[in-house]
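Architecture at a glance
Given next are the chains, with one letter for each unit.
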Amino acid sequence: MFKLLLQDGQSKLLPFDDAQCCEAFRHTAAHVLAQAVKRSFPNAKLAMGPAIENGFYYDFDVDTPFSADDLAQIEKTMKAIIKEGATLETYTLSADEARTRFAEEPYKLELINELADKGEALVFYSQGSRALPDDAQAQSRSDVAPEFEDLCCGPHLARVSDIKAFKLLSATGAYWRGSEKNKMLCRIYGTAFPKAAELEAHLAALDEAKKRDHNKLGRELELFTTSDVIGQGLPVLMPKGAKIVQILQRWIEDLEEQRGYVLTKTPSFAKADLYKISGHYDRYWDGMFKIGKNEDYALRPMTCPFQFQAYLNGSRTKSYRDLPIRYNETATLFRNESSGEMHGLIRLRQFTLAEGHIVCTPEQVEDEFFAAIDLIKHVLEVLGLSDDVHYRFSKWDENNRDKYIGEPEQWESMQAMMRTILDKSGLDYVEADGEAAFYGPKLDMQMRNVYGKEDTLFTVQIDFQLAEKFGMVYTDSKGDKQFPIIIHRSSIGCYERTLALLIEKYAGAFPLWLSPEQVRILPIADRHNDFCEQICAQLRKDGIRVELDTRSEKIGFKIREAQLAKVPYMAVIGDAEVEAGIVAVRNRKGDPDGLSGQMSIEGFRNALCEEITQRRLG
């Protein structure tokens, strides 16, 4: 149990696994970090430092970024501060007192002034004390000189000595308040636990995560790269990565066609007029890439208003008998993400989405929503991601109505319908206020990367607003004109993000059907090359992706390189194999119970085709 010091000076005991206690524990560690930095680097300016999932960070304005040696020194100072065992105190200051106390801290002054302008209380936490002159008499809180204090609403641990195990993990750049328009600061990340064993287990998990990190592994396996002269958030898919995305795209488009979708191909940019009709202009124009002499065009961040034109410009007015209409498109989209938000293939400025929009009557919504979920569940199962995804029912925030269009009663009605659908589906979901699209509620399929950061992989949205904005109508069974409901959905989400998560899921060792190189033929000597060429030709006739390694290297070296490249199967060819017309098969795991050993070329081909056709996971 840990004693927490609350904002009002009261305290309470909580276990570490309580969310409030865990956050207070790590937030206190962030304060200890800041105190240690100020003790070791007095000229550093304090920004802010919250607890985050599995750790904490603090941002500093320093002349020179912190080095690995600096982090080691800061850790040493943190241990000394913890050993000193300071207790924490909480109090409020007037705006003038706070400004005087933090006159040399520009970032704190900015926050103090903002809170003071709003009339909010200025709450502080302090730890440790600075020696006062012998003749100093502390008559009030403003006379006291704590070694470290911070503007903070708490809560915190009552004493720093409870932080038994911690580790500083890295130092990186971060813009003040997340905006690239502001100064770049130096952010130190760390983590903290009550026990050393818990810290060691977490650090071991981080080491495993680093091995699977798509941003590192994807480059090592030559799946993608980036270039400073192209720009941040604009990766280049190399041949292997492009092949995986092509495989996924062909599979998804075939699946969608089998399920009644019709393909569209729409422009990559449009006039501002289109975005004004949809409502995206008012909400996202600043985040779009503008083009044209007067910036009156913009690259599309979404496909829906484009696909709606296919509905509007048909040869005749739609009848209820024509619905549902299911449009799908593999669309390249553009979003002007901030520099601090972008990461590898997960968050980009240009990405490819398997977009789909289902135009249907209100009576068809339930069945179409179920069908969209069924397609997604099938895709997740085939990719081996079913157990890694959790579901979030994203609703509007009734206290922030400016973010949304439509009337409250419409939102409540549509959210009630969606909750009924979700309950019937049997999905285990959580609800989240404020995460809806501006035109309707949605179901998000959330997945974490190897570091625990959560992102949306798939989404299904119910839109009860945009059809009316665009004048999309159909004639019902009574001959009256009605506005349809539109279901926005993605069957695989962003291809680049999916590739990133698949790299991490399989540590780059993709299932055979997804592997850009499925077989590598390894001749032992040059005299075996002709026979190997024949094998390659036979396998390629069946669409098997095979490469031939004819380098004058020892066979052991070739095998190790193929294993490092995570090629699923190797076929080693020597004199015995040429004479018998067979192949000696090795799998990348070195598993004797897997597909391995000497076999006929036909037998090897049939085994490969069966594994690929069934899309086995391994």
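Residues numbered from 1 in each chain as written. Predicted model: local features only at pLDDT ≥ 70, side-chain atom pairs only at ≥ 80, totals over all residues. Heavy atoms only, no water.

**Here's the deal with the packing of helix α7 (residues 239-258) against helix α14 (residues 495-506)**
As a reminder of what qualifies: Here, axes are lines fitted to C-alpha atoms. For helices the fit covers the stretch in contact, and angles between N-to-C directions go from 0 to 180 degrees. Each helix is a run of DSSP H or I of at least 4 residues and each strand a run of E of at least 2, with the numbering of both proceeding from the N terminus. Roughly parallel refers to an angle under 35 degrees, roughly antiparallel to one over 145, roughly perpendicular to one between 65 and 115, and oblique to any angle outside these ranges. Should the near helix be turned anticlockwise from the far one by less than a right angle, the crossing is termed left-handed; should it be turned clockwise, right-handed. Contacts: residue pairs with any heavy atoms within 4.5 Å of one another.
One way to put it is that α7 packs onto α14 with a least axis distance of 10 Å and a crossing angle of 115 degrees. When the interaxial angle is binned, α7 and α14 end up roughly perpendicular. As α7 packs across α14, the resulting crossing turns out to be right-handed. Counting all contacts with α7, which are made through Gly241, Ile244, Val245, Leu248, Gln249 and Ile252, the residues of α14 involved are Tyr495, Leu499 and Leu502.

**A word on the environment of Ala47**
Secondary-structure assignment places Ala47 in the loop between β3 (45-46) and β4 (51-52). Spatially, the C-alpha atoms of Ala47 and Asp61 are 7.2 Å apart, while their sequence positions differ by 14 residues. Setting aside residues up to four positions removed in sequence, Ala47 forms contacts with Tyr58, Asp59, Tyr107, Lys108, Trp176 and Leu185.

**Digging into unusual backbone geometry**
We count it as follows: Classification of residues uses two cut-offs on accessible area relative to the type maximum, computed with a 1.4 Å probe and protein chains only: under 20% is buried, over 50% is exposed, and between them is partly exposed.
Put simply, Gly154 and Pro155 share a cis peptide bond, and its omega is -5 degrees. Residue position: Pro155 is located in the loop between β8 (148-151) and β9 (156-157). Residue Pro324 follows Leu323 across a cis peptide bond; omega there is 5 degrees. Within the secondary structure, Pro324 is located in the loop between β18 (318-319) and β19 (325-334). Unlike most non-glycine residues, Arg177 shows phi in positive territory, near 60 degrees. Position of Arg177 relative to the elements: it lies in the loop between β10 (165-175) and β11 (184-193). According to the relative accessible area criterion, Arg177 is partly exposed, its value standing at 41%. A positive phi is found at Lys566, a non-glycine position, where the angle reads about 60 degrees. One can find Lys566 in the loop between α16 (555-564) and β30 (569-573).

**Considering the domain arrangement of the chain**
It is common to give the size of an interface as the accessible area that goes away when the parts come together. Our working definition: Here the limits of each domain have been adopted from an automatic or database domain assignment. What gets called buried area is simply the loss in accessible area from a 1.4 Å probe that two parts show on being joined, summed for both. For this analysis, a salt bridge means a side-chain nitrogen from Lys or Arg found within 4 Å of a carboxyl oxygen belonging to Asp or Glu.
When its domains are assigned, the chain resolves into domain 1 (2-204), domain 2 (216-506) and domain 3 (512-617). Taking only C-alpha atoms, the centre of domain 1 and the centre of domain 2 are 40 Å apart. Contacts between the two partners involve four residues from domain 1 and, on the opposite side, five residues from domain 2. In total, domain 1 and domain 2 occlude about 330 Å² of area from one another, counting both sides; carbon and sulfur atoms represent 29% of this. One can count one salt bridge joining domain 1 with domain 2. As a salt-bridge pair, Arg448 and Glu53 come within 3.1 Å of each other at their nearest N and O atoms.

**Quick word on helix α11 (residues 365-383)**
Put simply, the rule is: To estimate the expected span of a helix, subtract one from its residue number and multiply by 1.5 Å.
In this model α11 runs 27 Å from its N-terminal to its C-terminal C-alpha over 19 residues, within 8% of the 27 Å that 1.5 Å per residue would give. Taken together, the buried positions of α11 are occupied by Val365, Glu368, Phe369, Ala372, Ile373, Leu375, Ile376, Val379, Leu380, Val382 and Leu383. Taken from the residues just after α11, Gly384 is the one with a positive phi, measuring 80 degrees.

**Describing the sheet that holds strand β27 (residues 485-494)**
Counted only if it meets this: The pairing criterion is simple: DSSP has to find at least two bridges between the two strands.
Sheet architecture is open: eight strands sit in the order β14-β19-β20-β27-β24-β23-β21-β22, paired in mixed fashion. Looking at which strands have only one partner, the edges of the open sheet turn out to be β14 (261-263) and β22 (429-433). Between one strand axis and the next, the sheet turns by 30 degrees as a mean value, whatever way the strands run. Across the sheet, helix α12 (residues 408-425) lies against β21 (389-395), β22, β23 (442-448), β24 (454-463) and β27, angled at about 160 degrees from β21, the strand it touches most.

**So, the packing of α11 against α12**
So the rule is basically this: Residues are grouped as follows: Ala, Val, Leu, Ile, Met, Phe, Trp, Tyr, Cys and Pro are nonpolar; Asp, Glu, Lys and Arg are charged; every other residue, Gly included, is polar.
The contact between α11 and α12 brings their axes to 10 Å, and the two run at 50 degrees. With respect to each other, α11 and α12 are oriented oblique. Judged by the sense of rotation from one axis to the other, the crossing of α11 with α12 is right-handed. Contacts between α11 and α12 involve Val365, Glu366, Phe369, Phe370 and Ile373 from the first element and Met417, Met418, Ile421, Leu422, Lys424 and Ser425 from the second. The residue makeup of the contact of α11 with α12, split by class, is eight nonpolar, one polar and two charged.

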